[in-house]
Amino acid sequence: MQKQPAQERIKNFNEVALGLSEEEALREANKCLGCKKASCIIGCPVEIDIPGFINLIKDKRYDEAIKVIKEKNSLPAICGRVCPQEDQCEKACILLRKGTPVHIGYLERFVADWEIKNSVKPKTVNRKSKIVNRKSKIAVIGSGPAGLTCSADLAKVGYEVTLFESLHKPGGVLVYGIPEFRLPKGIVAYEVDYIRSLGVTIETNVVAGKTVTLDDLREEGFQAFFIGSGAGLPYFLGIEGENLNGVYSANEFLTRVNLMKAYRFPEYDTPVNVGERVGVIGGGNVAMDSARCAKRLGAKEVTIIYRRSEEEMPARIEEIENAKEEGIKFHLLTNPTKILGEDGRIREAECIRNSLGEPDSSGRRRPVPIKGSSFRTKLDTLVCAIGQGPNPLLLSTMPELNLTRKGNIAAKEDGSTSIPNVFSGGDIVTGTATVISAMGAGKRAAHSIDEYIRSRSF
Ligand code: FAD
Ligand code: SF4
């Protein structure tokens, strides 16, 4: 797939990966063997009929291909861009044994982009002709991929769904976390509009647990609830100096850049002044996104500081490669131990080098500090991207809801919780995971909510 050249793209926030041309898409599609027992489908958490849609691409029947995808996936242009396909459908593709799998994600994106280019607005589904009207009102809390998918699937079978979102824009991490150069916000808006076109009402600026409680919603006639409030509470290192100016959680940093459009200063009056030297702690997608944003905001030197080696990095391989091409430096096997400042602002970080010991509970080798290996590095900004936990606000208003030791909602595989009409899924249950796993959870919960409503005579 074509990409913007690294030296150009670090000066803008435009999309890096440019998608397949029709010729490339047809060549890629024709690699697919159309396996009868297609293992790729099992590798896809929402079970798209992959050989089915690829077959339609071979015949240039793109309008039918997108319909096949949308039977299972309401956010294909998003998934085609950010899903870790290398660990899912493509990992299961039989051609991987011979070397390279079919690039299923690129093809999904190709078809979804074709639809966007060729239709003015997502087509409104003729609800009356397609569905059994079940009438009941369902409230969905949180408009990330879990909430959007749950809403779409419920609307498709005829429920009256209202989606409540605390921010002013729907999309969750898709709008406030993942940067424009990986996932253009116009694409998210298009797919959110598709969800609206299914009949879902989206109410933004509503903080469930504060603006409105679940009891209020019950009184308004909502009969079942899905909580997909994500993992938005940042973890910090707990080291000296974390309160200095210039030290951000990745969550705040990325929200300022993406949602508040810091990169479009002065058009948007919310700049982030990163200075010349930026450090980013962490080795996941969030760390790569933060580092690449900092580079585009004008930092001369951006360094990822990660406590293990590259092999253990949880970020997608493609994103690590993109970061390297853009000149991001990597201080591997390194941990910050102290942040030092001047006049209340960060000046440098003290770090220690690690070696790798025995595997820990995550299965990855444990970093062990090497005595006497401390060093200091000058920094104007430090972004902490070491993970996020569940936001406790809504959960603190629901004492009867069982939580796990880490404070996540204790939900079963089918999304049911300790409260009979409350279902949940996505990062609020699993901790930070992936877009498609959150969507899979939203899908399963929608199915369970439907069964729950049908089992009762409201
Ligand atoms: P979220 O997307 O977090 O959405 C939850 C929503 O609930 C938010 O909009 C929030 O504002 C809202 N909310 C919270 N509390 C309330 C309340 N009380 N009332 C109303 N609304 C509320 N995954 C990938 O697969 N590929 C990637 O490349 C990738 N990159 C990532 C990059 C970053 C920077 C981050 C942070 C994550 C990334 N992920 C990626 C992970 C992925 O985005 C998440 O796993 C996914 O978004 C989880 O979906 P969700 O619906 O559970 O929660
Ligand atoms: Fe095509 Fe690979 Fe799926 Fe077989 S496993 S149907 S080759 S994408």
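Before reading further, recall that the structure is shown in the block above.
Residues numbered from 1 in each chain as written. Chains lettered and ligands numbered in written order. Predicted model: local features only at pLDDT ≥ 70, side-chain atom pairs only at ≥ 80, totals over all residues. Heavy atoms only, no water.

> Mind laying out the sheet that holds strand S7 (residues 277–281), listing which residues take part and the relevant values?
One open sheet accounts for five strands, arranged S6-S14-S7-S8-S9; its pairing is parallel. Edge strands, defined here as strands with exactly one partner in the open sheet, are strand S6 (247–249) and strand S9 (329–331). Strand after strand, the sheet turns through a mean of 25° between neighbouring axes, direction not considered. Pairing of S7 with strand S8 (residues 301–305), which is carried by five bridges, proceeds in the parallel orientation. Directly across from Val280, in S8, lies its bridge partner Ile304. Strands S6 and strand S14 (381–384) of the sheet are contacted by helix H14 (residues 250–258), whose axis makes an angle of about 85° with S6. Contacting S7, S8, S9 and S14, helix H15 (residues 285–296) runs over the sheet at an angle of about 170° to S8. (Pairing = 2+ DSSP bridges. Helix = DSSP H or I, 4+ residues; strand = E, 2+ residues; numbered from the N terminus. Axes fitted to C-alpha atoms, helices over the stretch in contact; angles between N-to-C directions. Contact = heavy atoms within 4.5 Å.)

> Account for the site of ligand 2, naming residues and giving values.
For ligand 2, the full set of nearby residues is Cys32, Leu33, Cys35, Cys40, Pro51, Cys93, Ile94 and Ile104. The residue makeup of the shell around ligand 2, split by class, is eight nonpolar, no polar and no charged. (Near = heavy atom within 4 Å. Nonpolar A, V, L, I, M, F, W, Y, C, P; charged D, E, K, R; others polar.)

> Before we move on, can you summarise the sheet that holds strand S16 (residues 422–424) with the specific residues and values?
Strand order in the open sheet formed by five strands is S3-S2-S1-S4-S16, with parallel pairing between adjacent strands. Looking along the sheet, the strands with just one partner apiece sit at the ends: strand S3 (201–203) and S16. Strand-to-strand twist across the sheet, computed as the mean angle between neighbouring axes with direction ignored, equals 20°. Note: strand S1 (residues 137–141) against strand S4 (residues 222–227), five bridges, orientation parallel. Residue pairing for S4: Val140 is matched across the bridge by Phe226. Packed on one face of the sheet, helix H10 (residues 145–156) meets S1, strand S2 (160–164) and S4 and runs near 170° to S2. Contacting S1, S4 and S16, helix H19 (residues 435–454) runs over the sheet at an angle of about 160° to S4.

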